[in-house]
Amino acid sequence: MGHKKDSDHAFFGQPQGLMYLAGTEFWERFSYYGMRAILLYYMLATAANGGLGLAKTTGLSIMAIYGALVYLATITGGYISDRILGSRRTVFSGGVMIMFGHIALSLPFGLWGLLMSIVLITTGTGLLKPNISNMVGNLYSTDDQRSESAFTIFTFAINFGAFIAPLICGWTSTNYNYHVGFSLAAVGMLIGLIFYYIGGKKHLGEIGLHPTDPIRPRELKTILFRMCAGLFAFVLILLVMAGFRILSLDSFVSLLSLIAVITPVWYFIMMLRSKKITAIERSRVLAYIPLFIGALIFWAIEESGSSILASFAQSQTNNDLGWLHIDPSWYQSLNPLFIMLYTPLFVWLWTKLGKRQPSTPRKFALGIFFAGLSFLFMVIPLLLFGSDAKINPLWLVGSWAIIEIGEMLISPIGLSVTTKLAPKAFGSQMLGMWFLADAAGQAVNSQIARFYQPGTEVAYFGIIGIIAIIASLILLFFVKPILKLMDGVE
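Residues numbered from 1 in each chain as written. Predicted model: local features only at pLDDT ≥ 70, side-chain atom pairs only at ≥ 80, totals over all residues. Heavy atoms only, no water.

1. Focus on the overall build of the protein chain
Here is step 1: Summing up its helical and strand segments, the protein chain has 17 helices and zero strands in all.
Here is step 2: The C-alpha radius of gyration of the protein chain comes to 22 Å, within 12% of the 23 Å expected for a compact globule of 490 residues.
Here is step 3: Within the span of the protein chain, comprising 490 residues, buried residues form 52% of the whole.
Here is step 4: Considering only intrachain contacts with a sequence separation of at least 6, the fraction spanning at least 24 residues in the protein chain is 81%.
Here is step 5: Put simply, the protein chain shows about 22600 Å² of open surface, and 70% of that area lies on carbon and sulfur atoms.
Here is step 6: The protein chain carries 33 positive and 24 negative side-chain charges, and their two centres are separated by 9 Å. (Helix = DSSP H or I, 4+ residues; strand = E, 2+ residues; numbered from the N terminus. Rg over C-alpha atoms; globule rule 2.2 N^0.38 Å. Buried < 20%, exposed > 50% of the residue type's maximum accessible area, 1.4 Å probe, protein only. Contact = heavy atoms within 4.5 Å. Areas by Shrake-Rupley, 256 points an atom, 1.4 Å probe, with all protein chains shown as cover. Lys, Arg positive; Asp, Glu negative; His and termini not counted. Charge placed at Lys NZ, Arg CZ, Asp CG, Glu CD.)

2. Focus on the environment of Ser-411
Here is step 1: Mapped onto the elements, Ser-411 comes out in helix H14 (residues 393–421).
Here is step 2: For the pair formed by Ser-411 and Trp-400, sequence separation is eleven residues and the distance between their alpha carbons is 15 Å.
Here is step 3: Filtering out sequence-adjacent residues up to four positions away, Ser-411 remains in contact with Trp-299 and Trp-434.

3. Section: the pattern of salt bridges
Here is step 1: For the structure on display, the rule yields seven salt bridges.
Here is step 2: The closest approach of N and O atoms between Arg-29 and Glu-28, which form a salt bridge, is 2.8 Å. Taken as a pair, Arg-29 and Glu-28 share a single burial class, namely buried.
Here is step 3: Note that Glu-219 and Arg-83 form a salt bridge whose closest N and O atoms lie 2.9 Å from each other. Placement of Glu-219 in helix H8 (residues 217–243) and of Arg-83 in helix H3 (residues 56–85) is noted, with a sequence separation of 136 residues between them.
Here is step 4: For Glu-219, a relative accessible area of 23% gives the class partly exposed. (Salt bridge = Lys/Arg side-chain N within 4 Å of Asp/Glu carboxyl O.)

4. A look at the domain arrangement of the protein chain
Here is step 1: According to the domain assignment, the protein chain contains domain 1 (9–214) and domain 2 (277–489).
Here is step 2: Relative placement of domain 1 and domain 2: their C-alpha centres are 22 Å apart.
Here is step 3: In this complex, domain 1 contributes 30 residues to the contact, which on the side of domain 2 involves 34 residues.
Here is step 4: Taking both partners together, domain 1 and domain 2 bury about 2800 Å²; carbon and sulfur atoms supply 66% of that area.
Here is step 5: The interface formed by domain 1 and domain 2 contains one salt bridge.
Here is step 6: Residues Arg-36 and Glu-303 are paired through a salt bridge, measuring 3.4 Å at the closest nitrogen-oxygen approach.
Here is step 7: Residue assignment for the side of domain 1 that touches domain 2 shows that the elements contributing at least two residues are helix H2 (16–44), H3 and helix H6 (147–175).
Here is step 8: A total of 14 residues in the side of domain 1 that touches domain 2 trace back to one element, the largest contributor, which is H3.
Here is step 9: Tallied by class, residues from the side of domain 1 that touches domain 2 come to 20 nonpolar, seven polar and three charged. (Domains from an automatic or database assignment. Buried area = accessible area lost by both parts, 1.4 Å probe. Nonpolar A, V, L, I, M, F, W, Y, C, P; charged D, E, K, R; others polar.)

5. A few points about the packing of helix H10 (residues 279–302) against H14
Here is step 1: Contact geometry of H10 with H14 gives a least axis separation of 11 Å together with a crossing angle of 150°. In terms of their interaxial angle, H10 and H14 are classed as roughly antiparallel. Remark: the crossing between H10 and H14 carries left-handed chirality. Where H10 abuts H14, its residues Arg-284, Tyr-288, Leu-291, Phe-298, Trp-299, Ile-301 and Glu-302 lie against Ile-403, Glu-404, Gly-406, Glu-407, Ile-410, Ser-411, Val-417, Thr-418 and Leu-421.
Here is step 2: Among the residues making up the contact of H10 with H14, the classes are represented as nine nonpolar, three polar and four charged. (Axes fitted to C-alpha atoms, helices over the stretch in contact; angles between N-to-C directions. Parallel < 35°, antiparallel > 145°, perpendicular 65-115°, else oblique. Left-handed = near helix turned anticlockwise from the far one by under 90°.)

6. Observations concerning empty space enclosed by the protein
Here is step 1: Across all of its chains, the model carries three cavities of 30 Å³ or more by this definition.
Here is step 2: A volume near 90 Å³ is recorded for the largest cavity.
Here is step 3: Looking at the largest cavity, the residues that line it are Tyr-33, Arg-36, Ala-37, Glu-302, Glu-303, Gly-305, Ser-306, Gln-332, Asn-335, Pro-336 and Trp-400.
Here is step 4: A total of three residues in the lining of the largest cavity trace back to one element, the largest contributor, which is H2.
Here is step 5: Tallied by class, the residues present in the lining of the largest cavity amount to four nonpolar, four polar and three charged.
Here is step 6: Structurally, the lining of the largest cavity is a two-domain feature, drawing no fewer than three residues from each of domain 1 (9–214) and domain 2 (277–489).
Here is step 7: Considered as a void within the structure, the second largest cavity measures approximately 50 Å³ in volume.
Here is step 8: What lines the second largest cavity is Ile-301, Glu-302, Ser-304, Gly-305, Leu-309, Ser-374, Phe-375, Ser-399, Trp-400 and Ile-403.
Here is step 9: Of all the secondary structure elements, the ones that give two or more residues to the lining of the second largest cavity are H10, helix H13 (360–385) and H14.
Here is step 10: Here the lining of the second largest cavity takes three residues from H14, the largest share from any one element. (1 Å grid on protein atoms, 1.4 Å probe; cavity = no way out; pocket = protein on both sides within 12 Å on 5 of 7 lines; lining within 4 Å. Points joined across faces, edges and corners; volume = space filled by probe spheres on them.)

7. Quick look at unusual backbone geometry
Phi is mostly negative for residues that are not glycine, and the peptide bonds are mostly trans.
Here is step 1: Of note in the backbone geometry, Arg-245 takes a positive phi value of approximately 60° without being a glycine.
Here is step 2: With respect to the element layout, Arg-245 can be found in the loop between H8 and helix H9 (249–273).

8. Topic: the nonpolar core
Here is step 1: Membership of the largest hydrophobic core comes to 104 residues, with the highest contact counts inside it found for Met-35, Leu-39, Tyr-288, Met-433 and Phe-461.
Here is step 2: The greatest single-element share of this core, amounting to eleven residues, is contributed by H14.
Here is step 3: Both domain 1 (9–214) and domain 2 (277–489) contribute no fewer than three residues apiece to this core.
Here is step 4: Every residue in contact with Leu-39, bar those within four places of it in the chain, is listed here: Met-63, Tyr-66, Leu-105, Leu-114 and Phe-182.
Here is step 5: Of all hydrophobic cores here, the second largest spans 23 residues; its members include Leu-128, Ala-150, Ile-158 and Leu-193. (Core = buried A, V, L, I, M, F, W, Y, C linked by side-chain atoms within 4.5 Å.)

Rendered as structure tokens:
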């Protein structure tokens, strides 16, 4: 089997299947980031301008909780693939749900269209995202040296899709209307699905066709009972909130935020108390906790690019440069652009430094420091020109350029250390924990975004920036104890 896998070099020296998986992920990211680039503006625009007319604080909170739910759903996606459907069908089902989610936004369904899209896109992305990466890994035998470069190609496809989406969907929504912009996202996902279906039949063979740990009939009862109990508890809470007349869009977002923060706490307690893990593994899980908190703080700032900075780009940035009119949604392309520019530099840097490169906890501390710095950078133009002035776009570009240095220190490093510190019995669930750091960060975001109002910008950027820098210094102080708990993992 290994030999057969290693003999396919049809796509730039890689297996042909990689082209179809990377292509699918390109279109999935195109659809997601195209939608995300215009969603805030659609929610805040008045009905006369083709929007939903929501309050700014509500719109910012919804943007953050949307992101949190996408990452929360990846936990379920991994479970469904491992135990019920196998990766191949899970990814396809996810893609179909994402497409229908974009269709819900592209039709004039108002607030119901938004709620339908949140349910469909978060669930669909949760099914697709963790499993398609898993299938890329399965294209290679364990001793095949090409897998690392395969993930480089795969990551480039993700970022390229995320880069061009805001430019195209943003321009379309401004020149036509929001629904046309959302329909482009739906078309993107449809192309991805066709690509995936054709490529899968031809080039993926047996990969991902069957669940790796199928549910046994006797387990089914317990699982169904837990699912129903969870759903019942959730509905009960909503009914109680409705009974006390506190159920609103804002309080519903707060409830979801609470779930996103409690989930990782529950997971850590469950892992640490489990009889399935050894003393060394328990020590490594303890070492992971401060890194997890660091990642949570980082993502809370990084992910506010699609909410807080998107709002700033629309209302407080001078987008008319005479020779160029910048659509506010185009700033969303800066994140993937800087990742594509920085990746080769960081690959070179880590190779050059070799064994002299900073330890994982130190990289994390540096990453959080850059996140804080990117927010403090935004305080400068506000102090210089006041919060009523429209600032030069280069300030926003600079802020993104700074935080993406942080992402290079946290995102790939975090993924790698998560797999290394994972207890044997919780391998894939621990990878889910990495996504939960992003979910919890955005859940925190959905609550603090309410404080971002006209006149509070300096305090908002300044306080959060300072908190992040203090957190990075605290983490630096604990580098040695964390390394000791990691027990030989580096």
